[in-house]
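Now for the letters of each chain:
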Amino acid sequence: MTATDLWRPMTPSDLPAVQAAGEIVHPLYPESPAVAAERLMLYPAGCLVAERDGQLLGYAVSHPALLGRPPALDSLLGRLPVRPDCLYLHDIALLPAARGLGLGAALVALLLRLAKAEGLPLLALTAVNNSAGYWQRQGFTPHQPDAVLAAKLASYGEDALYLVRAVD
């Protein structure tokens with residue numbers, strides 16, 4: 001079984017475990033349970049969980065978005081943009097049991113395929129918790145923020161960095 005095989009579509013019954021994992025992995029970035037529930041409702045194709053032997057290893061929440069305009073932390077979208085130009089990885093949380101399994105790289109490959117199928121030329125994310133180096137090793141590069149993006153990034157902390165990767 002490959003790391004890609006450990007990812008599957010998220011279902012509403014996964015949401016309590018997703019919330020619990022987020023609280024463990026991202027204690028400094030709390031989000032209401034309504035955030036993941038809304039993303040799942042708006043764009044189920046971009047919401048995934050990783051599990052092995054029935055145990056949750058982590059989750060990922062992504063959705064079509066506008067480049068340089070990520071949602072503020074703990075905010076609802078209301079709707080997806082009419083003309084998105086990127087697939088935004090809103091959240092990924094991998095529990096300690098997932099370390100070393102290659103789930104991050106497998107997720108990037110899955111999201112690249114999804115973005116390509118949707119006709120979106122870029123993946124984007126906001127790196128936090130000193131994770132920018134990891135994402136840069138996955139092919140992401142810094143995107144120069146304008147004033148609007150800089151203000152949103154400030155809500156994520158000093159080390160937040162908006163990164164993009166072209167969909168090949």
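These numbers come from a predicted model, not from an experiment.

Student: Pulling in residues and values, what's your account of the packing of aromatic side chains?
Tutor: Scanning the model with the defined rule gives four aromatic pairs in all. Ring geometry for Trp135 against Phe140: centres 5.7 Å apart, planes inclined by 85°, an arrangement best described as edge-to-face. Residue Phe140 is classed as buried on the basis of its relative accessible area, which comes to 3%. An aromatic cluster of three or more residues is present, and its members are Tyr134, Trp135 and Phe140.

Student: Would you mind going over the side chain of His26 in detail, with residue names and values included?
Tutor: Within the fold, His26 resides in the loop between α1 (15-25) and α2 (33-42). Exposure remark for His26: the relative accessible area of 13% places this residue in the buried category. Among the polar contacts made by the side chain of His26, one reaches the side chain of Asp91 at a distance of 3.1 Å. Once residues within four sequence positions are removed from consideration, His26 is found in contact with Tyr59, Asp91, Ile92, Ala93 and Asn129.

Student: Talk me through the environment of Pro81; I want residue IDs and the actual numbers.
Tutor: Relative to the helices and strands, Pro81 is located in the loop between β3 (55-65) and β4 (86-94). Here Pro81 falls in the partly exposed class, since its relative accessible area comes to 24%. For the pair Pro81 and Ala65, spaced 16 residues apart in sequence, the C-alpha to C-alpha distance is 6.1 Å. Other than its neighbours up to four places away in sequence, Pro81 contacts Pro64, Ala65 and Leu66.

Student: Describe the confidence of the model for the protein, naming the residues involved and giving the relevant values.
Tutor: Of the residues in the protein, 100% have a pLDDT of 70 or more, and the chain-wide mean is 95. The least confident element of the protein is helix α5 (residues 147-154), whose mean pLDDT is 90; the most confident is strand β1 (residues 7-9), at 98.

Student: Talk me through the sheet that holds β4; I want residue IDs and the actual numbers.
Tutor: Overall, mixed pairing links the seven strands, which are arranged β1-β2-β3-β4-β5-β7-β6 in an open sheet. In the strand order of this sheet, the two ends are held by β1 and β6 (141-142), each with one partner. The pairing of strand β5 (residues 122-127) with strand β7 (residues 161-166) spans six bridges and is classified as antiparallel. Each bridged residue has a counterpart across the sheet, and for Leu122 the counterpart in β7 is Ala166.

How each quantity is defined
Residues numbered from 1 in each chain as written. Predicted model: local features only at pLDDT ≥ 70, side-chain atom pairs only at ≥ 80, totals over all residues. Heavy atoms only, no water. Phe/Tyr/Trp six-rings, centres within 6.5 Å; stacked < 30°, edge-to-face > 60°. Buried < 20%, exposed > 50% of the residue type's maximum accessible area, 1.4 Å probe, protein only. Helix = DSSP H or I, 4+ residues; strand = E, 2+ residues; numbered from the N terminus. Polar contact = N/O pair within 3.5 Å; in protein donor to acceptor, adjacent residues only side chain to side chain. Contact = heavy atoms within 4.5 Å. pLDDT = per-residue confidence, 0-100. Pairing = 2+ DSSP bridges.

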